[in-house]
Amino acid sequence: MNKYEFLHPYSRYHGEFTPENFLFDANLQEFARRVSYISSLENSGKLSPEEAYKQIKNLWKELKTSKKSLLDSTSPS
């Protein structure tokens, strides 16, 4: 395991495979990782609670947009 893999772990996707599901899963994992970093920075005093909230809120908006474009646009079979 190299340093990048240690700092940016990804779990394998185990759900029903579609390109859209796979991409959304990657986006969801990125969201979780970045929220974890922001929380750690806030907890150590490097970020104010307001700045942490603002950054997480922006990440949430990005994830929501990703969900709409990837999952809500596909019609059920």
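This structure is a prediction, so every number in the text was calculated from the model and none was measured.

Enquirer: Would you take a moment to explain a nonpolar patch on the surface for this structure?
Expert: A cluster of nonpolar residues, Met1, Phe6, Leu7 and Tyr37, forms a patch on the protein surface that exposes about 500 Å² of accessible area. Inspection of the secondary structure puts methionine 1 in the segment before α1 (3-7). Residue classification places methionine 1 among the exposed residues on the basis of a relative accessible area of 81%.

Enquirer: Would you mind going over the nonpolar core with me for this structure?
Expert: In this structure, Phe24, Phe31, Val35, Ile38, Leu47, Ala52, Leu59, Leu63 and Leu70 together form the largest nonpolar core, which totals nine residues. Listed by contribution, the elements that provide at least two residues to this core are α2 (19-43) and α3 (49-70). The residues touching alanine 52, leaving out its near neighbours within four places in the chain, are Ile38, Glu42 and Leu47.

Enquirer: Just checking my understanding: could you explain α3 for this structure?
Expert: Three or four residues apart is the spacing at which side chains of an α-helix point the same way, because the helix has 3.6 residues per turn. Helix length check: α3 (22 residues) gives 31 Å between terminal C-alpha atoms against 32 Å at 1.5 Å per residue, within 8%. Listed as buried for α3 are Ala52, Leu59, Leu63, Ser66 and Leu70. Down the axis of α3, the smallest arc covering the buried residues is 55 degrees, so these residues share one side. When the buried face of α3 is taken as reference, the exposed residues oriented beyond 90 degrees from it are Glu50, Tyr53, Thr65 and Lys68. Residues of α3 that are buried in the fold lie against α2.

Enquirer: Where do I start with the pattern of salt bridges in this structure?
Expert: Pairs can form between side chains of opposite charge whenever their charged atoms are close. One pass over the structure, following the stated rule, counts two salt bridges. Notably, a salt bridge pairs arginine 33 with glutamate 30, separated by 2.1 Å at the nearest N-O pair. Note that arginine 33 and glutamate 30 are positioned in helix α2 at a spacing of three residues, about one turn of the helix. Residue glutamate 30 is classed as partly exposed on the basis of its relative accessible area of 26%.

What counts, and where the lines are drawn
Residues numbered from 1 in each chain as written. Predicted model: local features only at pLDDT ≥ 70, side-chain atom pairs only at ≥ 80, totals over all residues. Heavy atoms only, no water. Patch = residues over 30% accessible without salt bridge, like charges linked within 9 Å, V, L, I, M, F, W, Y side chains within 5 Å. Areas by Shrake-Rupley, 256 points an atom, 1.4 Å probe, with all protein chains shown as cover. Salt bridge = Lys/Arg side-chain N within 4 Å of Asp/Glu carboxyl O. Helix = DSSP H or I, 4+ residues; strand = E, 2+ residues; numbered from the N terminus. Buried < 20%, exposed > 50% of the residue type's maximum accessible area, 1.4 Å probe, protein only. Core = buried A, V, L, I, M, F, W, Y, C linked by side-chain atoms within 4.5 Å. Contact = heavy atoms within 4.5 Å. Expected span 1.5 Å × (residues − 1). Arc of directions from axis to C-beta.

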